[in-house]
Amino acid sequence: MAKIDKNKELDINGMAITLEVDNALIDEVRSGEVTHLVMQINEGNQNLILENIEGNLVMVTDEMPTTYHGCYFYNGGVFPYAIKSTLNILVLDAGEDGCVARIIDIEIEPGTRFNYQGAGKPIVEDANGDSCIWKVVFEVLPMPEEPKTYLMRWNSAISSFTEKDYEKCVENRMHGMFRMNWSIREWEEARRGDFFYMLRTGDEKAGIVFSRQFTSDPYPGDDWAGSSKLRMYVDMICMNPVEPGTKPSLSLERLQKEIPSSDWTKGHSGILLSDNMAKRLDKIWEEAE
């Protein structure tokens, strides 16, 4: 088991792949110098064959044959194969050190094509073969050991991010997530990998509309409102969005009832939450999902 998503426990056998790497790579992933990892699917990792199906990254395990040397070229050559469980995480293991990284995107590329000859038989290349060894490239985001949590705010009546923009983001999300950037007020301690909640304000659909993580450290940019001052922004992956046009399960009214000590109707975007406040918000968000 490994700690992930703050207090939640992750079943590594069902949800992750552990890769043996060196300390230098772990340091580069943590620093952001390395953001993509390449996995060459071959005979040595045949039980970890991956696929992208209906927007979810999944892996083949014991429920499928364990004697093939590659991915069968069913479905006209589309990256195939059946489903067992969703793959979200890569665990990078360097012995005494390790890093848990969330998969935020994947690219796949066919490599050697061949005909499967049976267990233990050699691979003989064949351009028209029924099997293939695939190259898989993961874009990853390291998970901090002690992440912070921020409250972002969105008022669709005044924001440059409109209701239609939100609809497009939800409609076009990949692997269950979409990407955007947002202004952050209390940026000094914010780091790549920190968590956030997006609070919609200003109308009858007020409440938490999505959440997840920063994919960059804060950086300066022009004011979204058009003034001459600079603002600080963060890039984000956004998950579990409320369907456009609907009221969030974790509504403003529920927030006010569950955590009355906070004024949810006022404030800037990008406020650092205390550990206690973050834990309380995590709990009611999980209950509302």
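Residues numbered from 1 in each chain as written. Predicted model: local features only at pLDDT ≥ 70, side-chain atom pairs only at ≥ 80, totals over all residues. Heavy atoms only, no water.

## With respect to the overall build of the protein chain
Secondary structure summary: the protein chain contains five helices and 18 strands in total. Total accessible area on the protein chain stands at roughly 14900 Å², and carbon and sulfur atoms take up 47% of it. (Helix = DSSP H or I, 4+ residues; strand = E, 2+ residues; numbered from the N terminus. Areas by Shrake-Rupley, 256 points an atom, 1.4 Å probe, with all protein chains shown as cover.)

## A word on the pattern of salt bridges
Applying the stated criterion across every chain yields a total of 10 salt bridges. Where aspartate 97 meets arginine 30, a salt bridge forms, and the shortest distance between an N and an O atom there is 3.0 Å. In this pair, aspartate 97 is assigned in the loop between β9 (89-93) and β10 (98-114) and arginine 30 in helix α2 (residues 23-31), connecting sequence segments 67 residues apart. Two residues, arginine 254 and glutamate 287, come together in a salt bridge whose shortest N-O distance is 3.4 Å. Here arginine 254, found in helix α4 (residues 252-258), pairs with glutamate 287, found in helix α5 (residues 275-288); they are 33 residues apart in sequence, far enough to count as distant. (Salt bridge = Lys/Arg side-chain N within 4 Å of Asp/Glu carboxyl O.)

## Focus on the confidence of the model for the protein chain
Across the protein chain, the average pLDDT comes to 78, with 74% of residues at 70 or higher. Scored below 50 in pLDDT, residues 1-14 shows 37 contacts in the model against residues more than four places distant or in partner chains. Every residue in residues 61-85 scores below 50 in pLDDT, and together they form 77 contacts with partners more than four places removed in sequence or on other chains. (pLDDT = per-residue confidence, 0-100. Contact = heavy atoms within 4.5 Å.)

## Quick word on the environment of phenylalanine 178
Note on placement: phenylalanine 178 falls in strand β13 (residues 177-183). Classification of phenylalanine 178 as buried rests on a relative accessible area of 5%. C-alpha separation for the pair phenylalanine 178 and methionine 239, spaced 61 residues apart in sequence, amounts to 6.9 Å. (Buried < 20%, exposed > 50% of the residue type's maximum accessible area, 1.4 Å probe, protein only.)

## Focus on the nonpolar core
The biggest cluster of nonpolar side chains holds 22 residues, and the ones touching the most others in it are Met152, Tyr166, Phe196, Met198, Phe210, Phe214 and Met236. Contributing elements (two or more residues each) for this core: β12 (149-155), α3 (163-171), β13, β14 (195-201), β15 (207-214) and β17 (230-239). The leading source of residues in this core is β17, at four residues. What tyrosine 166 contacts, discounting residues up to four positions off in sequence, is Trp154, Phe161, Phe178, Val209, Phe210, Pro241, Val242 and Pro244. (Core = buried A, V, L, I, M, F, W, Y, C linked by side-chain atoms within 4.5 Å.)

## Re the packing of aromatic side chains
Counted according to the given criterion, the structure contains 10 aromatic pairs. Here tryptophan 154 and phenylalanine 161 contribute two aromatic rings whose centre-to-centre distance is 5.3 Å and whose plane-to-plane angle is 65°, an arrangement assigned as edge-to-face. By relative accessible area, tryptophan 154 is classed as buried at 0%. The ring of tryptophan 154 carries arginine 200 above its face, with NZ or CZ at 4.7 Å from the centroid. (Phe/Tyr/Trp six-rings, centres within 6.5 Å; stacked < 30°, edge-to-face > 60°. Lys NZ or Arg CZ within 6 Å of the ring centre and 35° of its normal.)

## What about α5?
A rise of 1.5 Å per residue sets the reference length of α5, with its 14 residues, at 20 Å; its end C-alpha atoms lie 20 Å apart and thus fit the reference within 8%. Turning to α5, its buried residues are Met277, Ala278, Leu281, Asp282, Ile284, Trp285 and Ala288. Here the buried face of α5 lies against β12, β14, β15 and α4. (Expected span 1.5 Å × (residues − 1).)

## A word on the pairing of β12
The buried count for β12 comes to six of seven residues, which makes it a mostly enclosed element. Inspection of the sheet shows β12 paired to β14 by seven bridges, in the parallel sense. When the bridges of β14 are listed, leucine 151 appears paired with tyrosine 197. Pairing analysis gives two bridges linking β12 to strand β18 (residues 271-272), with the strands arranged antiparallel. (Pairing = 2+ DSSP bridges.)

## Quick notes on the layout of surface pockets
Computed from the structure, the second largest pocket encloses a volume of approximately 610 Å³. Residue lining of the second largest pocket: 26 residues in total, with Arg153, Ser183, Trp224, Arg231 and Ser269 positioned closest to the centre. At the level of elements, β12, β13 and β17 are the ones that each hand at least two residues to the lining of the second largest pocket. (1 Å grid on protein atoms, 1.4 Å probe; cavity = no way out; pocket = protein on both sides within 12 Å on 5 of 7 lines; lining within 4 Å. Points joined across faces, edges and corners; volume = space filled by probe spheres on them.)

## Points about α2
Taken residue by residue, α2 has Leu25, Ile26 and Val29 as its buried positions. Projection of α2 onto a plane perpendicular to its axis shows the buried side chains occupying an angular sector of 100°, all on one side. (Arc of directions from axis to C-beta.)

## Side note on unusual backbone geometry
Even without glycine at this site, arginine 212 takes up a positive phi of about 145°. Position of arginine 212 relative to the elements: it lies in strand β15. For asparagine 240, which is not a glycine, the phi torsion comes out positive at approximately 55°.

## Concerning the state of the cysteines
Per the counting criterion, the structure on display carries zero disulfides. For cysteine 169, which is in no disulfide, the shortest distance to another cysteine sulfur is to cysteine 238 and amounts to 7.2 Å. You can call cysteine 169 buried: its relative accessible area is 17%. (Disulfide = S-S within 2.5 Å.)

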